[in-house]
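Observations on the model geometry
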Amino acid sequence: MTPASPPPPAPAPPPGPARTGLALGLIGAGLGIIALLVWLAYRTPPPVLAPADPVQAIATELVRKLNADLPRDLGDGLVLERMDVEGRNIIMTMRSRGMTLAEAARDPALFAQVKLDEQARLLSLCRNADFALVLDEGVVITRRFLDRENQRFFDVSVAAADCASNP
């Protein structure tokens, strides 16, 4: 006996009005969505970007160069660890290797004198050409003094006005 062959496939029904209408509806909906997206893209204003601050870029480059030589021992147990740019501020992080904030608090007169001396020493940056350039453009230079336990002793700062009043 010979095996029976499968019956021939039934012919596909011709596209009817329901299938054609569905296909046209989907195409129309797709075109409508595309038109809506194009309209929204032209209607939406471009984002407003803050202009680049050329002074901050100069300060950042100056700090990048100076950080290449850090940390640097300044003597008397003081180390200039790093410099950072925060907006229009250059922060110089100074660390005391020997003293803590609690120890410094025992002699407030000496501590106050150290702060005055450091403020005076910071004014010497007014005569440094690189720092004078950024100071003249509104950058503030701050020395931040930390103890060996990362507690802040004090900050001293210099701005262009300080340089003008102390030539």
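None of the values given here were measured: they were computed from a predicted structure.

**Re the pairing of strand β2 (residues 78-86)**
As paired elements, strand β1 (residues 72-75) and β2 share three bridges and run antiparallel to each other. The residue bridging Arg 72 from the neighbouring strand is Leu 80, located in β2. Linking β1 back to β2 in an antiparallel pair, the connection comprises two residues, with Asp 76 at a positive phi of about 55°. Here eight bridges tie β2 to strand β3 (residues 89-96), and the two strands are oriented antiparallel to one another. Within β3, the residue paired with Val 79 across the bridge is Arg 95.

**Points about a nonpolar patch on the surface**
A cluster of nonpolar side chains, contributed by Leu 24, Ile 27, Leu 31, Ile 34, Val 38 and Tyr 42, occupies part of the molecular surface with about 690 Å² of accessible area. Considering the arrangement of structural elements, one finds Ile 27 in helix α1 (residues 17-43). Overall, the relative accessible area of 52% leaves Ile 27 in the exposed class.

**Observations concerning the confidence of the model for the protein**
Averaged over the protein, the pLDDT score is 84; the fraction of residues at 70 or greater is 87%. Of all the helices and strands in the protein, α1 carries the lowest mean pLDDT, 80, while strand β4 (residues 140-146) carries the highest, 95.

**As for the side chain of Asp 147**
Along the chain, the position of Asp 147 falls in the loop between β4 and β5 (152-158). Separated by 2.8 Å, the side chain of Asp 147 and the backbone nitrogen of Glu 149 make a polar contact. When near neighbours in sequence (up to four residues on either side) are disregarded, Asp 147 contacts Arg 95, Ser 96, Met 99, Thr 100, Leu 101 and Phe 153.

**What about unusual backbone geometry?**
For the peptide bond that leads from Leu 70 to Pro 71, omega is 5°, which places it in the cis range. Assignment of secondary structure puts Pro 71 in the loop between α2 (54-67) and β1. Not every positive phi belongs to a glycine, and Asp 76 is a case in point at roughly 55°. Within the secondary structure, Asp 76 is located in the loop between β1 and β2.

**What to know about the nonpolar core**
Soluble globular proteins tend to pack their nonpolar side chains together in the buried interior. Formed by 27 residues in total, the largest nonpolar core has its most connected members in Met 83, Ile 90, Met 92, Phe 131, Ile 141, Phe 145 and Val 158. At the level of elements, α2, β2, β3, α5 (129-136), β4 and β5 are the ones that each hand at least two residues to this core. With near-sequence residues (within four places) excluded, Phe 145 lies in contact with Leu 78, Met 94, Glu 118, Gln 151, Arg 152, Phe 153, Phe 154, Asp 155 and Val 156.

**Description of the environment of Glu 103**
For Glu 103, the location among the structural elements is in helix α3 (residues 101-105). In this view, Glu 103 contacts Gly 98 and Arg 148; residues no more than four positions away in its chain are not counted. Here the side chain of Glu 103 touches Thr 100 through a polar contact of 3.0 Å, landing on its backbone nitrogen.

**Points about the sheet that holds β4**
Strand order in the open sheet formed by five strands is β1-β2-β3-β4-β5, and the pairing between neighbours is mixed. The open sheet has two edge strands with one neighbour each: β1 and β5. Going from strand to strand, the sheet's axes swing by 30° on average, the running direction of each strand aside. Here α2 sits on the sheet and contacts β2 and β3; the angle it forms with β2, its principal contact strand, is near 155°.

Rules and cut-offs
- Residues numbered from 1 in each chain as written.
- Predicted model: local features only at pLDDT ≥ 70, side-chain atom pairs only at ≥ 80, totals over all residues.
- Heavy atoms only, no water.
- Pairing = 2+ DSSP bridges.
- Helix = DSSP H or I, 4+ residues; strand = E, 2+ residues; numbered from the N terminus.
- Patch = residues over 30% accessible without salt bridge, like charges linked within 9 Å, V, L, I, M, F, W, Y side chains within 5 Å.
- Areas by Shrake-Rupley, 256 points an atom, 1.4 Å probe, with all protein chains shown as cover.
- Salt bridge = Lys/Arg side-chain N within 4 Å of Asp/Glu carboxyl O.
- Buried < 20%, exposed > 50% of the residue type's maximum accessible area, 1.4 Å probe, protein only.
- pLDDT = per-residue confidence, 0-100.
- Polar contact = N/O pair within 3.5 Å; in protein donor to acceptor, adjacent residues only side chain to side chain.
- Contact = heavy atoms within 4.5 Å.
- Core = buried A, V, L, I, M, F, W, Y, C linked by side-chain atoms within 4.5 Å.
- Axes fitted to C-alpha atoms, helices over the stretch in contact; angles between N-to-C directions.

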